Structures are given as C-alpha cells and as structure tokens.
Amino acid sequence: MENYIAKTAKSKILYEEAKNHLPYGVSSNYRYFDPYPLYLSRGKGSRVWDVDGNEYIDFNLGFGVLEVGHANEKIIEEVKNAISESSILGFEYSKSIELAKIIKSRFNVDMVRFSSTGTEATMHSIRIARAYTRKKKIIKFEGHYHGSHDQLLVNVNPLRDGIVPASLGVTEESLSNTIVCEWNNLENFEKIVKSSNDIAGVIMEPVAMNMGLIPTNVEFLKGVFELSKEYGFLTIFDETKTGGKMYSGASGYFNVRPDLIILGKAVAGGFPLSVIGGKREVMSVIGPGKTAHGGTFNSNPISVRVSILTLKEILTQNSINYIISLSKELEKGYNDLAEDLDIDLKVSRWGPSGSVFFSDKMPSNYKDFISTDIQRWNTYFYSMLSQGVIPMGGFNEEWTTSIAHTKEDIQIHLEKAEKSLRLAKEK
Ligand code: PMP
C-alpha cells in the first residue's frame, strides 16, 4: 500500500476535500477503498489516468461496462450525432424499436422494455414476475448482487456491507418475501421450492460475478429450470454483467430460455441503458392500469443510438471472440504463475472476464468466497495499482478485457502480476 500512497498524493488531497461533500468522498459505495479512493480524470482505449497523472491499464472498465474501450471514436461520433437531435424527447424515441428488434433476435426474447440501470431493471423484473404469477416470494442466491434496491439487498458484498440485511435502512419487512438460497446447491434449492407454494420467481446471476467470478454448475442450472417448470414459478436471469460478455449472453451460452432477462452495463457501450426482456405472455402484464414500469430517461436517444451501434457494429461475434482470446491468455498466465510461484491461487474465467482467488480450492458459493484470503488479495491489488495496472474493481469483482486491449497489455499485466503475487505469497 505504501507505493500506492506514494504515487497518489493528489487523490489523497481530493479525498480530504471530497469527504466533506460526498459521504466517503464517492458517489457509489463500491468506489471507496482504504485508505482513500483513486480519483480518475480521463481514459482512452485500454488506459485511464488519475489526477496525479499516473497511467493505468484498465481491466475494471467501469465495472465491466467498457468492452468497447474508453473514448471509442465511433461512439464519440454517434453521441455527437445523437445529441445534435436532442438528448431527451419525452415521448417514445422512434429508434427504440430498432434497438428492441436487435435485442430480441440476439438474446432470444419476445418483448423488451428499457430502463437506465441494472438496479431499476431487476426491481421491475420481480414486480413483473409477481404480477404474472400472482405470487409473492422471490428466491435469490447468496453472494448474488442485483443492484441497490431493498428487496434483494441481502447476503452480498461481505466486506463492504458486512451485515445482513446488506445495508442499514433495509427493513425486515422489505425482505419478508425474499428467500435466500446457496448458489450451486440444488438440494438446498429444491428444499426451498418445496417449502412454499407462493414462489413467484427465482432471480440469479447466471454466472456469479459479484463474489468474484464463480463458475456455474451446469447440472445445478438445469435442475433450477426443471423445478421452475414443475412448480410454476418464473426464471429471471440478471444478465447485467453477463449479457455483454458473450454474443447472446449467458442464456445463449447455456442454451436456456429464462422467462425474463435483464441486460445492462456493456450493451450500451458506456451509456446508461438497461433492458428487461422476456417471453411475450410475461412481458404483456406491463402497461397502464396493469403493472407499473416507468422512467424519465428510459430509451433516451443517446443511450439508444449508442446501444444500436455497439451491438450492431462494435461488439460483433468477431470482436467478442477477440476479447475472449485475450482473457484466455490472462487465465493461462495466472495459472502458470500460480504453478511457478507455488502459491495457492485459483483462477476462474467466463468469456472475457475472470477472477483470482487466494485459496487452495475454487470457490463454488458465497461461503467459499468469503473464506478466501483477503489480506493476500489486498497486497496483490495495491501492488498492481502501484505498478500501473487496475486488475479489477475490487475483491468481489473480476477483470474484463476490451477491444482496445492488446496482447502487449496482457503481457504487461502478467509481468506486474508476477511481482504482486510474490509479494502476496510473503504475507
Ligand atoms: N445486477 C448485477 C448482476 C450487477 O452486477 C449490477 C452492478 N454491478 C447490478 C445489477 C446493478 O446495476 P446498476 O449499478 O447499473 O444499477
């Protein structure tokens, strides 16, 4: 950490000022880390710069948003075009239909509604599931994060929230229809399903990416879908993270068709847009006098146009293949380092993202994850930062590669990782 502090004097000064105006000096709890957060000023391609002028190769990419890279030239051009025709029109924007069609065919859904953030979209999705089934209970999994609204804010972010519910101010009443289940544990899931006849749906990150990236047991996933059919509740894939990481998201990858999916983050190339998509009969409950869904900034022209461009021309199958190939190199590099340095390190990867766990066993659920070695992870993290690489957004996050990253960026990442892992091993 000393090297990080030595390099970031201006961030420290800004923090001293910022904390008088913003709690913890940040606009989202997840941006804070000890001893003070890093204040960034700009980005280009695979690089970002902090207020001290330090350059970093960025594998956090806005917490998994910028697979198109920072300040992508095509996107800059499109934003200029869009904004010259207004940034918000109030009534429905004509091009939202084109985007709806693109998403329908790429993600195999019948209808969509747009919101602005992952939080809003998951909040609406559980309301839709309840409206459709006329049942109340929602099953969520330990360690899965679905945004900052009350009903699913439980058993997430161990270090940052540390309490259950995962925030002060979340009442027992707002969690009274939420049932928490262990991830990758079909027996536990089946028991819960059988214990209630009031289950509206199950929401999940189809690949868990908020307790590090934890591989999904495919048999477990299959079992969840079978039980949902047998017992008549809906399956909801929160693909806020996974959606942009494979061409057709996790539902395409696992070849399943959930009743509802949520998209966000990468699908709009860096602009706020989220999607609730699903089967026609389920989505049809939305509407005036039926099920509420609204938002002033929903399908605003800038987000819609950038999303169309991103999905049609930038995050093509070819470019997704490219960013996955870079991520595979990182995975291999970390595995080789773990072996060479003889360190207990487990490396997970799905598509262009992956995580490193300081543990002798690959975590398969939240309890495994919180028993990995956080002190070693911190040593590794600050060492990476002080050497000019942001390896991921935090202990419970993952790396993501972008079309702006090069093989050389991966080499540099791994060189710096070697030193950082050595330091972590000494801890
Ligand atoms: N769902 C998942 C799976 C997420 O990872 C996140 C954000 N990290 C959200 C929902 C919330 O999205 P937002 O921050 O856009 O509200």
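Check the entry above for the structure.
As the structure is a computational prediction, the values presented were derived from the model and not from experiment. (Residues numbered from 1 in each chain as written. Predicted model: local features only at pLDDT ≥ 70, side-chain atom pairs only at ≥ 80, totals over all residues.)

Colleague: Just checking my understanding: could you explain the pairing of strand 2 (residues 47-50) for this structure?
Modeller: Along a regular strand, successive side chains alternate from one face of the sheet to the other. By the alternation rule, side chains of strand 2 split into Val48 and Asp50, which are all buried, and Arg47 and Trp49, of which none is buried. As paired elements, strand 1 (residues 40-44) and strand 2 share four bridges and run antiparallel to each other. Among the inter-strand pairings, Arg42 is bridged to a residue of strand 2, identified as Trp49. The pairing of strand 2 with strand 3 (residues 55-58) spans three bridges and is antiparallel. Considered in strand 3, the bridge of Arg47 is made with Ile57. Taking the residues between adjacent antiparallel strands as the criterion, strand 2 and strand 3 are bridged by four residues, where Gly53 takes a positive phi near 85°. (Buried ≥ 20, exposed ≤ 12 C-beta atoms within 10 Å, placed from the backbone. Helix = DSSP H or I, 4+ residues; strand = E, 2+ residues; numbered from the N terminus. Pairing = 2+ DSSP bridges.)

Colleague: Can you help me understand unusual backbone geometry in this one?
Modeller: Phi is mostly negative for residues that are not glycine, and the peptide bonds are mostly trans. With an omega of -5°, the peptide bond running from Asp34 to Pro35 counts as cis. Position of Pro35 relative to the elements: it lies in the loop between helix 2 (9-18) and strand 1. Its identity is not glycine, yet Phe63 carries a phi of approximately 55°, on the positive side. Within the secondary structure layout, Phe63 lies in helix 3 (residues 61-64).

Colleague: Would you mind going over the nonpolar core with me for this structure?
Modeller: Note that soluble globular proteins tend to have their nonpolar side chains buried in a common cluster. Grouped together as the largest cluster of nonpolar side chains are 109 residues, with contacts concentrated most on Ala129, Leu234, Leu260 and Val275. Counting contributing residues per domain, this core is built from domain 1 (2-67 + 316-426) and domain 2 (73-314), each supplying no fewer than three. (Core = buried A, V, L, I, M, F, W, Y, C linked by C-beta atoms within 7 Å. Domains from an automatic or database assignment.)

Colleague: Is there a simple way to think about the packing of helix 12 (residues 317-341) against helix 15 (residues 407-426) in this case?
Modeller: Two elements in contact, helix 12 and helix 15, have axes separated by 10 Å at closest approach and are oriented at 30°. Classed by the angle they form, the pair helix 12 and helix 15 counts as roughly parallel. Considering the relative orientation of helix 12 and helix 15, their crossing is right-handed. Residues Leu326, Glu329, Leu330, Gly333, Tyr334, Leu337 and Leu341 of helix 12 form the contact with helix 15, whose own contacting residues are Lys407, Ile410, His413, Leu414, Ala417, Glu418, Leu421, Arg422 and Lys425. A per-class count over the contact of helix 12 with helix 15 returns nine nonpolar, two polar and five charged. (Axes fitted to C-alpha atoms, helices over the stretch in contact; angles between N-to-C directions. Parallel < 35°, antiparallel > 145°, perpendicular 65-115°, else oblique. Left-handed = near helix turned anticlockwise from the far one by under 90°. Contact = placed C-beta atoms within 7 Å. Nonpolar A, V, L, I, M, F, W, Y, C, P; charged D, E, K, R; others polar.)

Colleague: What's the story with the sheet that holds strand 11 (residues 346-350) in this structure? I'm lost.
Modeller: Two orientations exist for strands paired in a sheet by backbone hydrogen bonds: parallel and antiparallel. Read from one edge to the other, the open sheet built from three strands follows the order 11-12-14, with strand pairing classed as antiparallel. Where the open sheet ends on each side, the last strands, each with one partner, are strand 11 and strand 14 (399-400). Pairing of strand 12 (residues 353-357) with strand 14, which is carried by two bridges, proceeds in the antiparallel orientation. Bridged to Ser353 within strand 14 is Thr400.

Colleague: When you look at the site of the ligand in this model, what are you seeing that I'm missing?
Modeller: Lining the immediate surroundings of the ligand are 14 residues, of which Thr117, Gly118, Thr119, Gly147 and Thr240 lie closest. It is helix 6 (residues 118-133) that contributes the most residues to the shell around the ligand, three residues altogether. When the residues that make up the shell around the ligand are grouped by side-chain class, the tally is two nonpolar, nine polar and three charged. (Near = placed C-beta within 6 Å.)

Colleague: Quick question: what am I supposed to make of the sheet that holds strand 8 (residues 234-239) here?
Modeller: Here we have seven strands laid out as an open sheet, ordered 4-10-9-8-7-5-6, and mixed in their pairing. Only two strands of the sheet have a single partner each, and these edge strands are strand 4 (111-115) and strand 6 (178-181). Neighbour-to-neighbour, the strand axes of this sheet turn through a mean angle of 20°, independent of strand direction. Packing against the sheet, helix 6 makes contact with strand 4, strand 5 (137-141), strand 7 (199-204), strand 8, strand 9 (260-263) and strand 10 (274-278), and its axis sits at approximately 155° to strand 7. The strands that helix 8 (residues 218-231) touches are strand 7 and strand 8; relative to strand 8, the one it contacts most, it runs at about 145°.

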